[in-house]
Amino acid sequence: MDKNEINNNRRDFLKKVGTFVGVTISLPVISSVFNSCEQDENPIPQPPKELTQIDLNKYPPINTVGGSVKILLPGKNNNNPIILYRKSLDEIIVLSTICRHAGCEVNLPQPGKIELRCPCHLVIFSAENGDILINPISSEWSGEPLDKFNVIEFDKANNILKVEI
Amino acid sequence: MRVINYLTISIIFSIVLQLSIEARPQYSLLQTYGAKCQSCHVNVHGGGARNFPGWLSRKDITAINPASIGIDGFYNFISESNTYFNDLLLFSMDTRFQTARWGRPDASRRDYMVMQVSPYFVVQPFDWMHIDLYYNFAYHIEPNKRYPGMEYYNASVYFTPFKDLPSIRAGYFQPPIGTKWDDHTLLVKRVSDQGKSQLLMPHDYSEWGIQIDYENIDWLGASFGVFGSENLSKNKVRDYIGNVKSMVNPNSLSYVFRLGVYPTLPGGYTSYMGGTLLLNGGLGFGSDGFYMKNDYLYVASLNFNIGISDKIALLTEYVTSEKQHSFTTDNFLIELNYQIFDYLILFARAERATTRQRIIDKDFYTNVNQYVLGAHINILPYIDLLPEYRIYDRELAPSYQSQWAFQIHLFY
Ligand code: FES
């Protein structure tokens, strides 16, 4: 092997090592430049919550303990339905139907059950408080409960529910 | 509601125009083999298995010469042909890895995903018949990232008993609805709403069906098919009083039309245009003419595409749909591709999706815009890198979401 060849080989080797080191160093720089161009949108502003009266006489399933219904109130909850769940004779829980994973609409529980199942990736929420009961996709989503609305008053005599929505 | 006007307009446009390409529709304008999907794909609507000319057209496109990095042996080994046993078997493949931000636009997170690991096999035991098979193994690798109605396989048989007559395709396959883009984030086939927009039809959508295709004239392509609705019915919508229901009845039939023209233009210009129409639900006839019976769904699309080979491709698509008692959509897309080298194509795309949703007695409108800048880089033969910068903007929400996305696409 002559001297030129050795020099060429060495130059070639140094070039390759240099390129490798350069690429390795620049990767974090490039990725941080990319990340700085990223942002999330702000949530859609919701109209201020107001006291909304719901006449439960219109929804017979809610009149038995363990019963539930979905109802739609135009302009409320981003135009998505809410779930009313009769936890006990004296308590009604009001939840959003929207799964906070990717926005699918959760199903009502089977009669006598509390499991609200999201049909998209099968996360199961509790109708009693919106919390997650089973998260089969915990490796990619740490989970968020369903939004819960404040019940201000439950007028049992007239079967009227006052909720802040 | 009487929809005779919508239908008439859609059908007239469909007769004048065509569509339903798949995968990379811009390539059909940038190359010179003819704009028809069948120039490169086995499927008359594009996508899926590449035929021998389609495979040939991309196999040597590369930024880096494999010989310069000592891997030409490997490429020589795989680059003889994609057909085997005297053309009895054709093998083709698509594999896609993607990183992007997923989830709600106001709370998204970066994720890495194996989108597709799909071998395609086409078996042609006789001149007049071939069998097309597809399987996406990615559905088993990451089952949690799928939505109801998505399907991981396809199997169909094509019969062409007489060369000059239409061919018949039967089996479990995707109806030709709109352009079949390889990007699942496009707004054209979505029902944008105030949350994360939902799909008009599932990705990788397949149904049992039978379809007649006429592709015998160079400048014309036409299809008519009848399909079941099982997978489409897994897609849920909400009606105006809030009941969740299936997009369509699982026992109903969908009728799908496709018509397209591929004019031959002088001076290196290329073009195709067309439309598709899906109707689900019964047709009735009354004093006002034809109308669609209760609970119908229709999806009509039009496209117009023009380009200069090896330079520019301009693609446009308009998709309108209505699900009775639930929503109507009007979605539009325009994309400009500029080929710098055969291995480097830059593109810019703008999309707008409008949905009208009737809730009790009020109409609510949602507008969503998406802008994408990106490039296709064939870094080595059969390896396409796809960096993108995306802006997603719901007009009702302040600010916008922006992100980088990156895809590695291995194809054969
Ligand atoms: S959207 Fe509900 S679990 Fe994924």
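Quick caveat: nothing in here was measured; it's all calculated off a predicted structure. (Residues numbered from 1 in each chain as written. Chains lettered and ligands numbered in written order. Predicted model: local features only at pLDDT ≥ 70, side-chain atom pairs only at ≥ 80, totals over all residues. Heavy atoms only, no water.)

**What about the nonpolar core?**
Ranked by internal contacts, the top residues of the largest apolar core, which has 30 residues, are Ile177(B), Leu200(B), Leu232(B), Met247(B), Leu297(B) and Val299(B). Mapped by element, the contributors of at least two residues to this core are α2 (25–30), β16 (269–280), β19 (297–308), β20 (312–323) and β21 (327–341) of chain B. Residues contacting Leu297(B), with those up to four places away along its chain left out, are Leu232(B), Met247(B), Val248(B), Leu278(B), Leu279(B), Asn280(B), Met292(B), Glu322(B) and Lys323(B). Judged by nonpolar contacts, the second largest core, of 16 residues, contains Ile83(A), Cys99(A), Leu116(A) and Val123(A). (Core = buried A, V, L, I, M, F, W, Y, C linked by side-chain atoms within 4.5 Å. Buried < 20%, exposed > 50% of the residue type's maximum accessible area, 1.4 Å probe, protein only. Helix = DSSP H or I, 4+ residues; strand = E, 2+ residues; numbered from the N terminus. Contact = heavy atoms within 4.5 Å.)

**Re the pattern of salt bridges**
Tallied over the full model, the rule gives 29 salt bridges over all chains. In this structure, Asp183(B) engages Arg349(B) in a salt bridge whose closest nitrogen and oxygen atoms are separated by 3.0 Å. Placement of Asp183(B) in the loop between β8 (180–181) and β9 (190–191) and of Arg349(B) in strand β22 (residues 344–359) is noted, with a sequence separation of 166 residues between them. Between Arg356(B) and Asp363(B) there is a salt bridge, with the nearest N and O atoms lying 3.2 Å from each other. A residue is classified by how much of its surface remains accessible, and Asp363(B), at 34% relative accessible area, is partly exposed. Through salt bridges with shared partners, a single network forms among Glu41(A), Arg100(A), Glu144(A), Asp147(A), Arg104(B), Asp106(B) and Arg394(B). (Salt bridge = Lys/Arg side-chain N within 4 Å of Asp/Glu carboxyl O.)

**Comments concerning the environment of Gly267(B)**
All names here are of chain B. If you trace the backbone, Gly 267 turns up in the loop between β15 (254–261) and β16. For Gly 267, a relative accessible area of 69% corresponds to the exposed category. Here the alpha-carbon distance between Gly 267 and Ile 308, two residues 41 residues apart in the chain, equals 8.3 Å.

**A short note on the interface of chain B and chain A**
Across the boundary between the two partners, chain B contributes 39 residues, which contact 31 residues of chain A. Approximately 3100 Å² of surface area, both sides summed, lies buried where chain B meets chain A, with 48% of it carried by carbon and sulfur atoms. On the chain B side of the interface with chain A, the three residues burying the most area are Arg104(B), Asn144(B) and Trp404(B), jointly 20% of the side's total. Where chain B touches chain A, the interface holds six salt bridges. The residue Arg104(B) makes a salt bridge to Glu144(A) at a minimum N-O spacing of 3.9 Å. At the boundary of chain B and chain A, one finds 18 residue pairs in polar contact (both at pLDDT 80 or more). (Buried area = accessible area lost by both parts, 1.4 Å probe. Polar contact = N/O pair within 3.5 Å; in protein donor to acceptor, adjacent residues only side chain to side chain.)

**Some remarks on a nonpolar patch on the surface**
Side chains of Phe126(B), Trp128(B), Phe159(B), Ile168(B), Ile210(B) and Ile212(B) sit close together on the surface and give an oily, nonpolar patch of about 520 Å² of accessible area. Position of Ile210(B) relative to the elements: it lies in strand β11 (residues 207–214). (Patch = residues over 30% accessible without salt bridge, like charges linked within 9 Å, V, L, I, M, F, W, Y side chains within 5 Å. Areas by Shrake-Rupley, 256 points an atom, 1.4 Å probe, with all protein chains shown as cover.)

**Notes on the sheet that holds strand β2 (residues 68–71) of chain A**
Residue and element names in this part refer to chain A. Spatially, six strands are ordered β1-β9-β8-β4-β3-β2 in an open sheet, and the strand pairing comes out antiparallel. Every other strand in the sheet has two partners, leaving β1 (51–55) and β2 as the edge strands with one partner each. Across this sheet, the average inter-strand angle for adjacent strands is 30 degrees, counted without regard to direction. As paired strands, strand β4 (residues 91–96) and strand β8 (residues 148–155) are joined by two bridges and run antiparallel to one another. (Pairing = 2+ DSSP bridges. Axes fitted to C-alpha atoms, helices over the stretch in contact; angles between N-to-C directions.)

**Here we look at the state of the cysteines**
Residues and elements named next belong to chain A. In total, this model carries one disulfide over all chains according to the counting rule given. Linked covalently through their sulfurs, Cys 104 and Cys 120 form a disulfide whose S-S length is 2.0 Å. Linking Cys 104 and Cys 120, the disulfide has an S-S dihedral of approximately -85 degrees and is accordingly described as left-handed. On the criterion of sequence distance, the pair formed by Cys 104 in the loop between β4 and β5 (115–117) and Cys 120 in the loop between β5 and β6 (124–126) is long-range, its members being 16 residues apart. Each member of the pair Cys 104 and Cys 120 is classed as buried. (Disulfide = S-S within 2.5 Å.)

**Side note on the side chain of Asn136(B)**
All names here are of chain B. When you line up the elements, Asn 136 lands in the loop between β5 (129–135) and α5 (138–141). We classify Asn 136 as buried; its relative accessible area is 1%. Looking at Asn 136, its side chain comes within polar contact range of the main-chain oxygen of Met 115, at 3.4 Å. In this structure Asn 136 touches Met 115, Gln 116, Val 117, Ser 118, Tyr 152 and Asp 204, once residues within four positions along its chain are discounted.

**Quick notes on the packing of aromatic side chains**
Residues and elements named next belong to chain B. Evaluation of the coordinates by the stated rule reveals 23 aromatic pairs over all chains. For the ring pair Tyr 75 and Tyr 382, a centre distance of 6.0 Å and an interplane angle of 20 degrees mean the geometry is stacked. Taken together, the residues span a long stretch of sequence, with Tyr 75 in helix α4 (residues 72–78) and Tyr 382 in the loop between β23 (362–380) and β24 (383–394) at a distance of 307 residues. Both residues of the pair, Tyr 75 and Tyr 382, belong to the buried class. Ring centres of Phe 173 and Phe 227 lie 5.3 Å apart, and the angle between their planes is 70 degrees; on these two criteria the pair is classed as edge-to-face. Here Phe 173, found in strand β7 (residues 167–173), pairs with Phe 227, found in strand β12 (residues 220–227); they are 54 residues apart in sequence, far enough to count as distant. Summarising the burial analysis for this pair, Phe 173 and Phe 227 share the class buried. Its end group placed over the ring of Tyr 27, Arg 58 keeps NZ or CZ at 3.9 Å from the ring centre. The ring of Tyr 139 carries the charged tip of Arg 146 above its face, separated from the ring centre by 4.1 Å. (Phe/Tyr/Trp six-rings, centres within 6.5 Å; stacked < 30°, edge-to-face > 60°. Lys NZ or Arg CZ within 6 Å of the ring centre and 35° of its normal.)

**Brief notes about the pairing of strand β9 (residues 160–164) of chain A**
Residue and element names in this part refer to chain A. Pairing of β1 with β9, which is carried by five bridges, proceeds in the antiparallel orientation. By the bridge assignment for β9, Leu 51 is matched with Glu 164. Hairpin connection between β8 and β9: a loop of four residues separates the two successive antiparallel strands, and Asn 159 in this loop has a positive phi of roughly 60 degrees.

**A few points about the sheet that holds β5(A)**
All names here are of chain A. Across the sheet, three strands lie side by side as β5-β6-β7; this open sheet has antiparallel pairing. Edge positions in the sheet fall to β5 and β7 (132–134), since each has one partner strand and no second. Looking at each pair of strands side by side, their axes are set apart by 40 degrees on average, direction ignored. Note: β6 against β7, two bridges, orientation antiparallel. Note on β7: the bridge partner recorded for Phe 125 is Ile 132.

**Section: unusual backbone geometry**
Positive phi values are uncommon outside glycine, yet Leu122(A) reaches one of about 65 degrees. If you trace the backbone, Leu122(A) turns up in the loop between β5 and β6.

**Considering helix α3 (residues 52–59) of chain B**
Residue and element names in this part refer to chain B. Regarding α3, the residues found buried are Gly 54, Trp 55, Ser 57, Arg 58 and Lys 59. Looking at the buried residues of α3, the elements they touch are α2, α4, β23 and β25 (401–411). Measuring from the backbone nitrogen of Gly 54 back to the side-chain oxygen at the start of α3 gives 2.8 Å, which picks out Asn 51 as the cap.

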